[in-house]
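Topology and contacts: notes
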Amino acid sequence: MIRSAYLVTTPKVSFRSFRSVIRSKARAVALAAIALSVFHAKAVAAANPAPETGLPAVIVKASGKASGNQAAKLGPAYSYRKGGWTYVHLEGSPADVGYQHGYLLAAEIEDMYQVLKLENAHETKRDWEFFREASQKMLWPHIEAEYQQELEGIAKGLQAKGSKLDVWDIVAMNAGIELPQYYVPWLNKREHASNAPHISAPGNCSAFIATGSFTKGGKIVIAHNNWSSYADGARWTIIFDIQPARGHRMLMDGVPGVITSQDDFGVNDAGMMVTETTITQFVGWDPDGIPEFVRSRKALQYATSVDEYAKLIREGNNGGYANDWLIGDRKTGEIAYLELGLKNTPMWHTKDGYYVSSNFARDPKLIADETEGFKLDDLSSSPNARRITAEKRIERAKGRIDIEMAEQFLSDHEDSYSGKVEADGRSLCGHIDADPRGVPVWDLGPYDPFGAVTGKVADSDMAGRMSLVAHAGHPCGEDFLAAPFLKAHPEYDYLKPILKDMKAGPWTTFVAGEKGAVAQ
């Protein structure tokens, strides 16, 4: 379906009326101008066929109503919708990339801001001003100039569309995981805060990366489904194609207003293929470190090898959003597993094997030093139950792992602990909203609207073309409908202002530089 397309038709003018028109010199000039604009519009439309429909389409830089000055700032940027996703192409200097981001996604950023504001207040019992202040006083001095300019650019792009959000709101949104779930618990403990809520580091995502004899053709295959609250997940549907003035072009999924993928699935034009899952029950924070959202963006933008990626993501580590990173280099076929704690950062490499990740820590020293007693032998917990399922599926598919198998992996509903096939908090495609147990290690109660919200897959060949396959909504294809859920579970009524339907879209291929139906 084409959205907001310019519909162009040739005016029908009879010979008699035409003869009358040309008697007026001014009207003749006007008619000529119309004819010229029609010709131009048809030529542009013919050059940009819509990929889903094959129909002509015009790529609009923003709303089609941008002033000359705004159009100049937007430059080559554009966006369009496909398969439940919004694809956004951003290009140029850090300030330009930021401005384009803020302007093109203004409505989505305002919407996401409301989500984070409500969720953070409910979880931490801190108001939004607390997060703005932490962003300004603690994070900002440790953000290098390139990314400060991009963040400021997002705020300026928003404000050009009438938004009142400023750069501190944008920084707080970018730190929307590390501030409430890593900094706040550290601060509460340091200040001996009374009546502070218990906050566990989250466990988000199921993933694998494989290479060599495990994959069809011996090339890297990487897959990831993002686990988050459904309020976040229904909006975590941006595909960013960023062509910066410096560094490598990147194609990644992401959140409106955030400069990194945030669930960290992406490829760059140097052959890097990366994703991660969060380390369950992690504790640790360095207020003098570099925010994780900056380090992860910098690593994808500048890394050309596995070791370089690891170096960049470790550099200035603040402990925020501690993850197990799955890293691949399509040029060499090498894959790696980097367990990025604050004090412990071991990494494993191979050119023939696989790594699965489902929010479990594997390094004994990291578990002892930097988690709240994570138990690797508790097979009833979601991270460990999914690890068993993931390893079994990968071993069973040895030599046959490809894009199709990866999509099936992300859609799996096996519960290795119960032995049943049922969508719940222990299946690779998580549905905690259907689980009466909740997930205690993440402080998620029964039927919490939380689980797998997107899926992404790529192989070495796709990465070489700067391409990936993405699925909005539950990878299994099930829809989540907010109204019946809230009626059945009134304990989650506080989410009513932000919880919306999360419809499952089709598996959809994206390629950097493609031009779809029409921009917003």
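Note: the structure precedes this text.
No experiment lies behind these values; they were computed from the predicted model shown.

**Points about the sheet that holds strand S16 (residues 467–472)**
- Spatial ordering of the open sheet is given by S12-S3-S4-S15-S16-S17, a layout of 6 strands whose pairing is antiparallel. Edge strands, defined here as strands with exactly one partner in the open sheet, are strand S12 (353–357) and strand S17 (508–511). Put simply, the sheet's adjacent strands are angled 20 degrees from each other on average, direction ignored.
- Sheet analysis places strand S4 (residues 221–229) next to strand S15 (residues 450–459), joined by 9 bridges and oriented antiparallel. Note on S15: the bridge partner recorded for Val 221 is Asp 459.
- Docked against the sheet, helix H15 (residues 403–410) engages strand S3 (206–211), S4, S15 and S16, running at close to 170 degrees with respect to S15.

**Considering the sheet that holds strand S9 (residues 323–329)**
- Overall, mixed pairing links the 9 strands, which are arranged S1-S2-S5-S6-S7-S8-S9-S10-S11 in an open sheet. The open sheet has two edge strands, strand S1 (78–82) and strand S11 (347–350), and neither has a second partner. Each strand axis lies, on average, 20 degrees off the axis of its neighbour in the sheet, ignoring direction.
- When strand S6 (residues 250–254) meets strand S7 (residues 266–268), the two strands line up antiparallel, connected through 3 bridges. Counterpart to Leu 251 in the pairing with S7 is Val 267.

**Section: the pattern of salt bridges**
- Across all of its chains, the model carries 24 salt bridges by this definition.
- Between Glu 133 and Lys 137 there is a salt bridge, with the nearest N and O atoms lying 3.1 Å from each other. Note that Glu 133 and Lys 137 are positioned in helix H6 (residues 128–139) at a spacing of 4 residues, about one turn of the helix.
- The exposure class assigned to Glu 133 is partly exposed, which follows from its relative accessible area of 39%.
- With its nearest N and O atoms 3.3 Å apart, the salt bridge here joins Lys 456 to Asp 253. One end of the pair, Lys 456, is in strand S15; the other, Asp 253, is in strand S6, and 203 residues separate them in sequence. Neither Lys 456 nor Asp 253 differs from the other in exposure class; each is buried.
- Taken together, the shared-partner salt bridges connect Asp 415, Asp 424, Arg 426, Asp 435 and Arg 437 into one network.

**Overview of empty space enclosed by the protein**
- This model, assessed by the stated rule, comprises 1 cavity of 30 Å³ or more.
- By volume, the largest cavity is sized at about 50 Å³.
- Taken together, Met 252, Thr 260, Ser 261, Asp 264, Phe 265, Gly 266, Val 274, Ser 296, Leu 300, Tyr 309 and Trp 325 make up the full set of residues lining the largest cavity.

**Topic: unusual backbone geometry**
- Residue Asn 195 is not a glycine yet carries a positive backbone phi of 60 degrees.
- With respect to the helices and strands, the residue Asn 195 is situated in the loop between helix H9 (178–191) and S3.
- The backbone of Asp 443 sits at a positive phi, close to 60 degrees, despite the residue not being glycine.
- Among the secondary structure elements, Asp 443 is positioned in the loop between strand S14 (420–421) and S15.

**Here we look at the packing of helix H4 (residues 94–104) against helix H5 (residues 106–124)**
- With their axes 4 Å apart at the nearest point, H4 and H5 run at an angle of 80 degrees to one another. By the criterion of interaxial angle, the relationship of H4 to H5 is roughly perpendicular. Here His 101, Gly 102, Tyr 103 and Leu 104 of H4 come into contact with H5, specifically with Ala 106, Glu 108 and Ile 109.

**Details of the layout of surface pockets**
- What the largest pocket holds in volume is close to 740 Å³.
- Together, 35 residues line the largest pocket, and Glu 119, Glu 123, Gln 181, Leu 444 and Phe 450 are the ones closest to its centre.
- Contributions of two or more residues to the lining of the largest pocket are made by H5, H9 and S4.
- It is H5 that provides the largest number of residues to the lining of the largest pocket, a total of 6 residues.

Calculation notes
Residues numbered from 1 in each chain as written. Predicted model: local features only at pLDDT ≥ 70, side-chain atom pairs only at ≥ 80, totals over all residues. Heavy atoms only, no water. Pairing = 2+ DSSP bridges. Helix = DSSP H or I, 4+ residues; strand = E, 2+ residues; numbered from the N terminus. Axes fitted to C-alpha atoms, helices over the stretch in contact; angles between N-to-C directions. Contact = heavy atoms within 4.5 Å. Salt bridge = Lys/Arg side-chain N within 4 Å of Asp/Glu carboxyl O. Buried < 20%, exposed > 50% of the residue type's maximum accessible area, 1.4 Å probe, protein only. 1 Å grid on protein atoms, 1.4 Å probe; cavity = no way out; pocket = protein on both sides within 12 Å on 5 of 7 lines; lining within 4 Å. Points joined across faces, edges and corners; volume = space filled by probe spheres on them. Parallel < 35°, antiparallel > 145°, perpendicular 65-115°, else oblique.

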